Amino acid sequence: MVMARLVRVGALILAIGCAGEPAAPPPPETAHFAVLGDRTGEPDDRLWRATVAEVAALSPDRVLTVGDLADDPTDLADWARAMEPLKTLPMPIDYVPGNHDIIDEATARNFELQTGQAPYRAFDALGVHFVVVDNSVADSWEELPEAQRTWLEADLAVARDLP
């Protein structure tokens, strides 16, 4: 009888302990990133596919592109040739626009459609706070759109308090 009560109490404690949100796993002690960029300037699609295949073989935790995936940001076929191999990667990919990816508002929208990501944003991954700034059409801080500068200052103020 006492044993049955202990089992019921133990099951209740276990159920209560599991009822909350699961805790996020701690960030890894090391993280491996692959950085890809600048496919422009008469891109060799065979070489691009081979490069992406080599990245896949390395199995990084995350892939960061550093811009200039599109040789012509208005050409959807060019975007498709750039994005097709990247879509085969099993790890998360974070896209940063370059001056060949975004040249105006229309190509900024196209960048979002092609990558599924905003041209500027922040995210936390692997214990790191990442900030992506879209300077594709700006050469200085003063030339960044006011909305992006305001957002960046607010994000960095919050991130300052992150562990």
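Up top is the structure.
Residues numbered from 1 in each chain as written. Predicted model: local features only at pLDDT ≥ 70, side-chain atom pairs only at ≥ 80, totals over all residues. Heavy atoms only, no water.

Chemist: I'd like a rundown of the pattern of salt bridges, residues and numbers included.
Modeler: Evaluation of the coordinates by the stated rule reveals 7 salt bridges. Asp-44 is the partner of Arg-46 in a salt bridge, and the nearest nitrogen-oxygen pair spans 3.8 Å. We classify Asp-44 as partly exposed; its relative accessible area is 37%. The salt bridge partner of Arg-62 is Asp-94, with a shortest N-O separation of 2.5 Å. Remark: Asp-94 occurs in strand β3 (residues 93-95) and Arg-62 occurs in strand β2 (residues 62-65); sequence separation between them is 32 residues. (Salt bridge = Lys/Arg side-chain N within 4 Å of Asp/Glu carboxyl O. Buried < 20%, exposed > 50% of the residue type's maximum accessible area, 1.4 Å probe, protein only. Helix = DSSP H or I, 4+ residues; strand = E, 2+ residues; numbered from the N terminus.)

Chemist: Just give me the short version of the packing of aromatic side chains, but keep the residues and values in it.
Modeler: Counted under the stated rule, the structure contains 4 aromatic pairs. For the pair Phe-123 and Phe-130, a centre-to-centre distance of 4.9 Å together with 10 degrees between the ring planes defines the contact as stacked. Accessibility expressed as a relative area gives 14% for Phe-123, which makes it buried. (Phe/Tyr/Trp six-rings, centres within 6.5 Å; stacked < 30°, edge-to-face > 60°.)

Chemist: Which residues make up the pairing of strand β1 (residues 33-36), and what values go with them?
Modeler: Put simply, side chains in a regular strand alternate between the two faces of the sheet. Burial along β1 is one-sided: the face carrying Ala-34 and Leu-36 is buried and the face carrying Phe-33 and Val-35 is not. Once the chain exits β1 it traverses helix α2 (residues 45-58) before rejoining the sheet at β2, and the crossover so formed is right-handed. (Right-handed = clockwise from strand over helix to strand, strands pointing away.)

Chemist: Give me the lowdown on a nonpolar patch on the surface, citing residues and values where you can.
Modeler: A contiguous nonpolar surface patch, about 270 Å² in accessible area, is contributed by Phe-33, Val-35 and Val-66. Its location among the elements puts Phe-33 in strand β1. (Patch = residues over 30% accessible without salt bridge, like charges linked within 9 Å, V, L, I, M, F, W, Y side chains within 5 Å. Areas by Shrake-Rupley, 256 points an atom, 1.4 Å probe, with all protein chains shown as cover.)

Chemist: Please give an account of α2 that cites residues and values.
Modeler: In this model α2 runs 20 Å from its N-terminal to its C-terminal C-alpha over 14 residues, within 8% of the 20 Å that 1.5 Å per residue would give. Among the residues of α2, Asp-45, Trp-48, Val-52 and Val-55 are the ones counted as buried. Summarising the axial view, the buried residues of α2 lie within an arc of 75 degrees, below the 170-degree limit, and thus occupy one face. α2 presents Arg-46, Glu-54, Ala-57 and Leu-58 as exposed residues on the side facing more than 90 degrees away from its buried surface. In this structure, the buried side of α2 is in contact with β1, β2 and α3 (76-86). You can read the cap of α2 off the contacts: a side-chain oxygen lies 3.0 Å from the backbone nitrogen of Arg-46, and it is on Asp-44. (Expected span 1.5 Å × (residues − 1). Arc of directions from axis to C-beta. Contact = heavy atoms within 4.5 Å. Polar contact = N/O pair within 3.5 Å; in protein donor to acceptor, adjacent residues only side chain to side chain.)

Chemist: Now, about the side chain of Thr-115: what can you tell me, with residues and values included?
Modeler: Relative to the helices and strands, Thr-115 is located in helix α4 (residues 105-115). At 2.8 Å, the side chain of Thr-115 and the backbone oxygen of Phe-111 are in polar contact. Dropping the residues within four chain positions of it, Thr-115 is found in contact with Trp-79, Met-83 and Tyr-95.

Chemist: Break down the nonpolar core for me, citing the residues and quoting the values.
Modeler: Grouped together as the largest cluster of nonpolar side chains are 19 residues, with contacts concentrated most on Leu-36, Val-63, Leu-69, Leu-86, Leu-89 and Tyr-95. For this core, the secondary structure elements donating two or more residues are β1, α2, α3, β3 and α4. (Core = buried A, V, L, I, M, F, W, Y, C linked by side-chain atoms within 4.5 Å.)

Chemist: Summarise unusual backbone geometry; cite the residues concerned and give the values.
Modeler: Positive phi outside glycine occurs at Glu-42, with the angle close to 55 degrees. The topology assignment puts Glu-42 in the loop between β1 and α2. Phi at Leu-126 is positive, roughly 55 degrees, even though this residue is not glycine. Topologically, Leu-126 is positioned in the loop between β4 (121-125) and β5 (128-132).

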